[in-house]
Amino acid sequence: MLVMELVLLLSSNMIVSRHSFVKAIHFYLSHVIANAPEYPGLFPEARKQVNAPSMFFCRNLQTTTYEVVKGSYVPVTQTKSETANEEKTPRKLESVGAFQRLPMVKPSVDILYSALRQAKKISPTKGIVNIAKRERNRGARQLDALTKELGIPLREYLENFPNKKYLHHYERSLIELTLGDGKYEEVLGRVNALKKKVVSVGKEHASLCAKSTTKREAEERLSEGMKKLEAIFKLEAKAVDDLLNIAKTLRAVPVVDLETPTLCLVGAPNVGKSSLVRILSTGKPEVCNYPFTTRGILMGHITVNYQRFQVTDTPGLLRRCDDDRNNLEKLTLAVLSHLPTAVLYVHDLTGECGTSPSNQYIIYKEVRERFSNHLWVDVVSKCDLLQKSPVDNITEDGDEDSLEMARYRKAGPEGAILVSVKTETGLDELKSRVHDMLISQLDKLKSESASPES
Ligand SMILES: Nc1nc2c(ncn2[C@@H]2O[C@H](COP(=O)(O)OP(=O)(O)OP(=O)(O)O)[C@@H](O)[C@H]2O)c(=O)[nH]1
Ligand SMILES: [Mg+2]
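Residues numbered from 1 in each chain as written. Chains lettered and ligands numbered in written order. Predicted model: local features only at pLDDT ≥ 70, side-chain atom pairs only at ≥ 80, totals over all residues.

- An unreviewed UniProt entry annotates the protein as OBG-type G domain-containing protein of Aquilegia coerulea.

Here it is as structure tokens:
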């Protein structure tokens, strides 16, 4: 680089005096030596300069000023515009509801056969008398039409399926957890590749057809192009059908309104969450005596004094670290992390559900701590089965943690309501506590949306 600068200087007649020539040589040598590790003490000021923009002592040579950007020198003009682009206000995250706006994807066979039908209807431009010309015109137009009919729906899907990074955090998590990590982008990538292939092959064959010299040649090229486009589309058609399934799955995810207070039922698997959702709301989730009956986020509604609230049933949480959690458990954590919910935490101390009270206590402590900013009500379920408490005597000589766990095993966390959906015990108190909490949640949401930060 420096040699080139020197040659440039020498050849451009810009070094007008002997003095400048000597200075140029000095400058060149100083840079070479300053960069040589074996001469650390030489030309200290040049050594300082090697990390600074090159300076030129000849008029008109330096046309732009340079500054350091990300460790390399970039002309200021370029830097400014680039930085301006980078500093553009980041695009706002979408609110929830993006899945309801997904385009309707047609099955790949429908796209293909409708495209073939439309293309075959195309007739040559009127007024062409020469048979060969007319035929090649027809062929090129049909191939062009087929390319468009196949490519346009794909382009529309690509434009209307949102970029995951602009989605609300909750919906982004739902995409990852319900479809699998990277699946969404992978399928869109395949659709994009198919679109590009269709366009390039379609164009190529249309142009070949347009160059035919005889009617027969034009017909052959048309038929060849049609077959090729059909084959290409069929080969990768699964990408379109995968996209259709993605849209179906995402559209089926319950719609959450962020401005409506939401009650979220949380607890270990099989503790009776769904049974309570059925009692408290319009939601009718499946109830079964095995863990992970609830395999997604289910929504119901409660109406109190004309005010509508949402209720979500969630999959159960097991005692394990986050890395080991399955996607169902991660869904529950995503709801708690990204939606403004009040929590109804369900504890089953009967030993029926499959998770021991001690393990439930550990899960509870962790979740309670992690989501300490949520409004919260605890409920001990299946109290019809709790004839005798599992721990009769709480020994006062244990440490504080074990005492707390012993108390938990006896009656759940402090203030928990004991309920049974079988005998209807405690349900009135539960409903009243839930309603109070949802009203408080409503006030909380109102004050948050009124605050300048929000
Ligand atoms: N005896 C009794 N059984 C109950 C009560 N509540 C729920 N059950 C039973 O407990 C089992 C689990 O109930 P679910 O409501 O499906 O529990 P869940 O927490 O939603 O379970 P997952 O969705 O698998 O996490 C079912 O067999 C219910 O009939 C109750 O109050 N008393
Ligand atoms: Mg359930």
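Next comes the rest of the description.
## Comments concerning the overall build of the protein
1) Next: The helix and strand tally for the protein stands at 14 helices and eight strands.
2) Next: For the protein, buried positions account for 30% of its 454 residues.
3) Next: Sequence separation of 24 or more characterises 69% of the internal contacts of the protein that already satisfy a separation of 6 or more. (Helix = DSSP H or I, 4+ residues; strand = E, 2+ residues; numbered from the N terminus. Buried ≥ 20, exposed ≤ 12 C-beta atoms within 10 Å, placed from the backbone. Contact = placed C-beta atoms within 7 Å.)

## A look at the pairing of strand β6 (residues 341-347)
1) Next: With respect to burial, β6 is a largely interior element, seven of its seven residues being buried.
2) Next: Here β6 shows two buried faces, one formed by T341, V343, Y345 and H347 and the other by A342, L344 and V346.
3) Next: Direction of pairing for strand β3 (residues 262-267) relative to β6: parallel, over a ladder of six bridges. When the sheet's bridge partners are listed, L263 is paired in β6 with A342.
4) Next: By the bridge criterion, five bridges tie β6 to strand β7 (residues 376-380) in an arrangement that is parallel. (Pairing = 2+ DSSP bridges.)

## Focus: the packing of helix α6 (residues 131-160) against helix α9 (residues 215-251)
1) Next: With their axes 9 Å apart at the nearest point, α6 and α9 run at an angle of 5° to one another. The pairing of α6 with α9 is recorded here as roughly parallel in orientation. Each of I131, A132, E135, R136, G139, Q142, L143, L146, T147, L150 and Y157 in α6 lies in contact with α9, whose residues at this interface are K215, A218, E219, R221, L222, G225, M226, L229, F233 and L243. (Axes fitted to C-alpha atoms, helices over the stretch in contact; angles between N-to-C directions. Parallel < 35°, antiparallel > 145°, perpendicular 65-115°, else oblique.)

## Focus: the sheet that holds strand β5 (residues 307-313)
Either a parallel or an antiparallel arrangement is found when strands of a sheet pair, and the pairing is made through backbone hydrogen bonds.
1) Next: Reading across from one edge, β4-β5-β3-β6-β7-β8 is the order of the six strands in this open sheet, with mixed pairing throughout. Among the strands making up the open sheet, the edge pair consists of β4 (298-304) and β8 (417-418).
2) Next: Of the strand pairs in this sheet, β3 and β5 are connected by four bridges, and their pairing is parallel. What sits directly across from L265, in β5, is D313.
3) Next: Contacts from helix α10 (residues 273-280) reach β3, β4, β5 and β6 within the one sheet, and its direction differs from that of β5 by about 165°.
4) Next: This element, helix α11 (residues 327-338), spans β3, β5 and β6 of the sheet and lies at about 140° to β3.

## Section: the pairing of β7
1) Next: With respect to chirality, the unit in which β6 leads through helix α12 (residues 357-370) into the neighbouring parallel β7 is right-handed.
2) Next: Looking at chain direction, β7 and β8 are connected through two bridges and run parallel. Paired with V379 across the bridge in β8 is I417. (Right-handed = clockwise from strand over helix to strand, strands pointing away.)

## Some details on the nonpolar core
1) Next: Grouped together as the largest cluster of nonpolar side chains are 70 residues, with contacts concentrated most on V191, L243, L263 and L344.
2) Next: Two domains each provide a minimum of three residues to this core, namely domain 2 (98-251) and domain 3 (262-450).
3) Next: Ignoring any residue separated from it by four or fewer positions in sequence, one finds L243 in contact with V105, Y157, V187 and V191. (Core = buried A, V, L, I, M, F, W, Y, C linked by C-beta atoms within 7 Å. Domains from an automatic or database assignment.)

## Regarding the packing of α12 against helix α13 (residues 400-411)
Packed helix pairs are characterised by how far apart their axes lie and by the angle those axes make with each other.
1) Next: Following both chains from N to C, one finds α12 and α13 inclined at 115°, their axes separated by 9 Å at the closest point. As summarised for this structure, α12 and α13 are arranged roughly perpendicular, according to the angle between their axes. Handedness of the α12/α13 crossing: right-handed. Residues P357, S358 and Y361 of α12 lie in contact with α13, whose contacting residues are M405, Y408 and R409. (Left-handed = near helix turned anticlockwise from the far one by under 90°.)

## Section: the environment of L349
1) Next: Mapped onto the fold, L349 is located in the loop between β6 and α12.
2) Next: Along the sequence, L349 and K382 sit 33 residues apart, while their C-alpha atoms lie 8.1 Å from each other.

## So, unusual backbone geometry
1) Next: Here N270, not a glycine, exhibits a phi torsion of approximately 70°, which is positive.
2) Next: Here N270 lies in the loop between β3 and α10.
3) Next: Look at N270 and you get buried, because 21 C-beta atoms sit within 10 Å.
4) Next: For Y306, which is not glycine, the phi torsion reads 65° and is therefore positive.
5) Next: Along the chain, Y306 falls in the loop between β4 and β5.

## Notes on the environment of T260
1) Next: By the element assignment, T260 lies in the loop between α9 and β3.
2) Next: Sequence spacing of T260 and T341 is 81 residues, and the spatial spacing of their C-alpha atoms is 9.4 Å.
3) Next: Dropping the residues within four chain positions of it, T260 is found in contact with R308, F309 and Q310.

## What about the environment of E220?
1) Next: Note on placement: E220 falls in helix α9.
2) Next: The partly exposed category is assigned to E220, around which 14 C-beta atoms lie within 10 Å.
3) Next: Along the sequence, E220 and C209 sit 11 residues apart, while their C-alpha atoms lie 8.5 Å from each other.

## Here's the deal with α13
1) Next: With 12 residues, α13 extends 17 Å from end C-alpha to end C-alpha; this agrees with the ideal 16 Å at 1.5 Å per step.
2) Next: Phi for G412, located one or two positions after α13, is positive at around 80°. (Expected span 1.5 Å × (residues − 1).)

## Regarding helix α5 (residues 108-120)
1) Next: The terminal C-alpha atoms of α5 lie 18 Å apart, and with 13 residues this matches the ideal 18 Å at 1.5 Å per residue to within 8%.
2) Next: Taken together, the buried residues of α5 touch α6 and α9.

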